[in-house]
Each structure stands twice: as C-alpha cells, then as structure tokens.
Amino acid sequence: MQKEILNSFYNSYIKEFFLELFAPAHCTVCGKKLYESKFVCDDCVKNIKFNEYPLILHEEMVYYYGMTRYEGVMEELIKKFKFEGYKVLSKFFSPLILNFIELNNIKFDFVSFVPMSKKEFRARGYNQTYLLAKDISLKTKKPIIENLYKIRETKKQTNLSKKERIENLKNAFIVEGEYSGNILIFDDVYTTGSTAKEVTKAFKKSIKNGNIYFVALSQTFN
Ligand SMILES: [Zn+2]
C-alpha cells in the first residue's frame, strides 16, 4: 500500500516536473493553474476573437489574411511572444494556424516569414515569425524559404503615419532564388499592411506559377 502511495506521489511529482519543464504550469494570460500541458486556459482561448471575414485584401497573385482581432487575450499573447521571450508560444499558435489554413482552403508548397534586419535580430535574439514558419514547416513537411533579408535598418513603425510607414519600408526586403508554387508567409500583427506589401513585393519577383498567401496572427482595427 505504502509503495503504491509512494509510486503515485512520484508519478505526480514527475508529471509536475515535466510540466514545469515543457509548459508553463499557469495560463500565460490570466495566471490560472493548469493541470494539462497547455499554455493558455480554456476560458482565455474562448475569449480569442477570430475574424469572421479574415481575408483582408486580394490583389493579383496575393491574398492577405488576419486570423484574429488584435485585442484582449491575443494582444497579450503576441506581446509576450514578441517582446518577453515567450518563444514557446509558437507551439500554441501553430495549431491555430494549421486549423485556419485548412478552414480557408489555403494550399501551399513553401512557407516563409517576415525577416528582421541584423540589428533587430541582435536586439531580440530571435525572430518570432520565423518560429511560426519553422513550426508549420515541420508539421506540414513543406520547405521553409529562408533566403529573404531585410537589407536596411528602418524606423520603428509604431509612431509613423500610414504614408510614413510605406516610405519607411520601401525596398527594405529582398528574396534570393526562384521558387515554383504557392507560398505561405507569416507575420504577427497586420496593421496598415505596409510590411505585408513590401514583403510580398519582394516575393513576387521570385515566385513563378504560384500565389502568395500572407497570414497574420492578428489584425488591428482602429
Ligand atoms: Zn487563462
């Protein structure tokens, strides 16, 4: 009997240990204690506002999507993912993305992401949109295109007007190589679309016989 109690104690102890190791034992958003290996509690997940009409814009060859509204739970999660080192949240976002691309019938042959300049990368230590692309590439077995670069430093977009944002990012990205097929590109937040448009412009020169799907986790509505 005592052995059983001891065993069950060790089993729960070991479970707890691995939970702490691989997933936060508390909801990343509200702090509620979690008993499963998850990052966000069910109540917070329910509060994510998915866009009823996620297609933001469709131009020749290019489709822009915003999965959710950038507010509440999603805003909190993305801020942690981008600015507070919660790289592990890509594991929470990638199933949402997979579900989204299936629901919207997006067919793709390659995945990619919005690149950072060398200076931006040094400051943050990681590129959160690369983490999303890497996860989706692993799960779907589609290759990731990494030959794209942000070739010059730009100002922070936050305090710029729409016109200034466009000017700020003009010709900031290049893609090397040629690719045949559809490509799926990830970003975190779609605001004015100036980043999205510059990135897809760079890809248009490299993609032969295919569409470009630009998917942002969230979209701002102001
Ligand atoms: Zn929660």
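Residues numbered from 1 in each chain as written. Predicted model: local features only at pLDDT ≥ 70, side-chain atom pairs only at ≥ 80, totals over all residues. Heavy atoms only, no water.

By the naming in an unreviewed UniProt entry, the protein chain is ComF family protein, taken from Caldisericum exile. According to the UniProt record, the Sequence similarities (unreviewed entry) comment for the protein chain reads "Belongs to the ComF/GntX family." (UniProt positions renumbered as here; feature names shortened; annotations may be inferred.)

Undergrad: With reference to specific residues and values, describe the overall build of the protein chain.
TA: The secondary structure content of the protein chain amounts to eight helices and nine strands. Residues counted as buried form 45% of the 222 residues belonging to the protein chain. Summarising the internal contacts of the protein chain: among those between residues at least 6 apart in sequence, 68% fall at separations of at least 24. Taken as a whole, the protein chain presents about 12800 Å² of accessible surface, with 53% of it coming from carbon and sulfur. (Helix = DSSP H or I, 4+ residues; strand = E, 2+ residues; numbered from the N terminus. Buried < 20%, exposed > 50% of the residue type's maximum accessible area, 1.4 Å probe, protein only. Contact = heavy atoms within 4.5 Å. Areas by Shrake-Rupley, 256 points an atom, 1.4 Å probe, with all protein chains shown as cover.)

Undergrad: Describe the coordination of the zinc ion, naming the residues involved and giving the relevant values.
TA: Coordination of the zinc ion by the protein is provided by C27 (SG), C30 (SG), C41 (SG) and C44 (SG), with metal-donor distances spanning 2.3 Å. Between the donor residues of the zinc ion, the gaps in sequence give the motif C-x2-C-x10-C-x2-C. Note that C27 is positioned in the loop between α1 (2–22) and α2 (42–46) and C41 in the loop between α1 and α2, a separation of 14 residues in sequence. (Donors = N, O, S within 2.8 Å, 3.2 Å for Na, K, Ca; no water.)

Undergrad: Before we move on, could you go through the layout of surface pockets and cite the residues and values that matter?
TA: Empty space within the largest pocket amounts to approximately 1100 Å³. Among the elements of the structure, α3 (72–83), α5 (118–124), α6 (128–140), α7 (162–169), β7 (183–190) and α8 (194–204) are those that each provide at least two residues to the lining of the largest pocket. Considered as a void within the structure, the second largest pocket measures approximately 280 Å³ in volume. Together, 14 residues line the second largest pocket, and F113, P115, M116, L148 and Y149 are the ones closest to its centre. (1 Å grid on protein atoms, 1.4 Å probe; cavity = no way out; pocket = protein on both sides within 12 Å on 5 of 7 lines; lining within 4 Å. Points joined across faces, edges and corners; volume = space filled by probe spheres on them.)

Undergrad: Break down the side chain of S112 for me, with residues and values.
TA: As for its position among the elements, S112 is in strand β3 (residues 110–113). Not counting residues within four places of it along the chain, the set of residues in contact with S112 comprises A133, I145, L148, I183, L184, I185, F186 and F203.

Undergrad: So what's going on with the environment of S206? Which residues, and what values?
TA: Mapped onto the fold, S206 is located in the loop between α8 and β8 (207–208). Taking relative accessible area as the criterion, S206 reaches 3% and is therefore assigned buried. Once the C-alpha coordinates of S206 and I174 are considered, the two residues, 32 residues apart in sequence, prove to be 9.4 Å apart. Filtering out sequence-adjacent residues up to four positions away, S206 remains in contact with V175, E176, G177, E178 and Y179.

Undergrad: Quick one: what's the story with α3, residue by residue and with numbers?
TA: Taking 1.5 Å of rise per residue, twelve residues should cover 16 Å, and α3 covers 16 Å from first to last C-alpha, within 8% of that figure. If you check which residues of α3 are buried, you get V73, M74, L77, I78, K80, F81 and K82. G85 sits one or two residues past α3 and shows a positive phi near 75°. (Expected span 1.5 Å × (residues − 1).)

Undergrad: Residues and numbers for the nonpolar core, please.
TA: By size, the foremost hydrophobic cluster in this structure holds 59 residues, and its most contacted members are F92, F93, L184, F186 and F203. Summarising the domain contributions, this core has at least three residues from each of domain 1 (1–43) and domain 2 (48–219). Sequence-distant contacts of L184, that is, excluding residues within four places in its chain, are made with I101, I106, F108, F110, V111, S112, Y213 and V215. (Core = buried A, V, L, I, M, F, W, Y, C linked by side-chain atoms within 4.5 Å. Domains from an automatic or database assignment.)

Undergrad: Give me the pairing of β7: which residues, what numbers.
TA: The element β7 is largely enclosed, with a buried count of eight among its eight residues. Direction of pairing for β3 relative to β7: parallel, over a ladder of four bridges. Directly across from V111, in β7, lies its bridge partner L184. Alignment of β7 against strand β9 (residues 212–219), held across seven bridges, turns out to be parallel. Bridging across to β9, I185 finds its partner in F214. (Pairing = 2+ DSSP bridges.)

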